[in-house]
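Geometric and topological summary
Chain by chain, the residues:
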Amino acid sequence: MTILDRWLGKQLSKPRGIFSTLIGAYMAIGNHKENLGTIKQMNIQENDYLLEIGIGNGTMINHIAKNNKPKKICGIDISTPMVREAKKMNRSLVRNNIVDIRKGSVGKIPYQDSSFSKVFTVHTIYFWPDVQKGINEINRVLSPNGTIFITFTLREQLKKMKRTSDFKSVDPVEIEQLLVNNGFGDVRINSQNSICYISAQKLSV
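Here's a quick rundown of the structure. Since the structure is predicted, the reported quantities are computational estimates derived from the model, not experimental observations. (Residues numbered from 1 in each chain as written. Predicted model: local features only at pLDDT ≥ 70, side-chain atom pairs only at ≥ 80, totals over all residues. Heavy atoms only, no water.)

**As for the overall build of the protein chain**
- Of the regular secondary structure elements, the protein chain holds nine helices and seven strands.
- For the protein chain, contacts bridging at least 24 residues in sequence account for 69% of all contacts bridging at least 6.
- Here the protein chain has roughly 10,400 Å² of accessible surface; of this, 51% comes from carbon and sulfur atoms. (Helix = DSSP H or I, 4+ residues; strand = E, 2+ residues; numbered from the N terminus. Contact = heavy atoms within 4.5 Å. Areas by Shrake-Rupley, 256 points an atom, 1.4 Å probe, with all protein chains shown as cover.)

**Quick notes on the pattern of salt bridges**
- The full count for this structure, using the stated rule, is five salt bridges.
- Salt-bridge contacts for D48 lead to K118; the nearest nitrogen and oxygen are separated by 2.9 Å. In this pair, D48 sits in the loop between helix 3 (32–42) and strand 1 (49–53) while K118 sits in strand 4 (residues 116–122), placing the two residues 70 residues apart along the sequence.
- The partner of R102 in a salt bridge is D100, with the nearest N and O atoms 2.7 Å apart. (Salt bridge = Lys/Arg side-chain N within 4 Å of Asp/Glu carboxyl O.)

**Some details on the nonpolar core**
- Formed by 28 residues in total, the largest nonpolar core has its most connected members in L51, I125, I138, F152 and I175.
- Elements that contribute at least two residues to this core include exactly strand 1, strand 2 (72–77), strand 4, helix 7 (131–141), strand 5 (142–153), helix 9 (172–181) and strand 7 (195–202).
- Apart from the residues lying within four places of it in its own chain, the contact partners of I138 are I53, V106, I109, V119, W128 and I148.
- By size, the runner-up hydrophobic cluster in this structure holds 18 residues, among which are I44, I64, V99 and F120. (Core = buried A, V, L, I, M, F, W, Y, C linked by side-chain atoms within 4.5 Å. Buried < 20%, exposed > 50% of the residue type's maximum accessible area, 1.4 Å probe, protein only.)

**Section: the pairing of strand 1**
- In terms of residue burial, strand 1 counts as a mostly covered element, since four of its five residues are buried.
- Across five bridges, strand 1 lies against strand 2 in parallel orientation. Bridging from a neighbouring strand, E52 pairs with G75 of strand 2.
- Once you follow strand 1 into helix 4 (residues 59–67) and on to strand 2, the crossover reads as right-handed.
- Here strand 1 runs beside strand 4; their pairing, made up of three bridges, is parallel. Each residue of the ladder has a partner; that of L50, found in strand 4, is K118. (Pairing = 2+ DSSP bridges. Right-handed = clockwise from strand over helix to strand, strands pointing away.)

**Structural notes on the sheet that holds strand 6 (residues 184–192)**
- Judged by pairing direction, the sheet is mixed, and its seven strands sit side by side in the order 3-2-1-4-5-7-6 without closing on themselves. Two strands close off the open sheet at either side, each with one partner strand: strand 3 (99–103) and strand 6. Going from strand to strand, the sheet's axes swing by 15° on average, the running direction of each strand aside.
- Bridge count for strand 5 against strand 7 is seven bridges, and the pairing is antiparallel. In the sheet register, F149 faces strand 7, and the bridge partner there is S199.
- Where helix 5 (residues 80–89) meets the sheet, it contacts strand 2 and strand 3, and its direction lies at approximately 165° from that of strand 3. (Axes fitted to C-alpha atoms, helices over the stretch in contact; angles between N-to-C directions.)

In structure tokens, the structure reads:
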């Protein structure tokens, strides 16, 4: 792995510095297909309250708000520059209270219990410090019978790409087990080429 590959890998986990805007645009373009695939999996309804974890520059939030028209869509990111870019891209939507964007992490989501009907994340699980803690936090902010959607590159492909060879790879079966063990049921795994889409429903207490 070259120094450039290692630098890019770190930037993808948390864009920072003078190149953060370019990295955000790079991720939006690179994730376009998986973003659309995730939207298709979610079957968004007009009464949905959505949360995206790892919003990047806010491209996916913007697309969903304008095309799928949920009741409200919120998003968090650990990168201050990305939060700033996302707010800029969605300025009018934020002003009209359709979009809410905050700095935050999957380990400490800055929203109240049972706030969302659906929570989704695309290509971020590799960077979660504690996957089980993240799943528990998502469970907390999901309403009863709410659904989680996790999209990621399968382990075999992830290891082949130089810029991602240091990422923490995950296996669909491992994620399924974590979901089942932490308050979710009806786990669905849909693998398409090198991409895996997983969804699961929060169990009612």
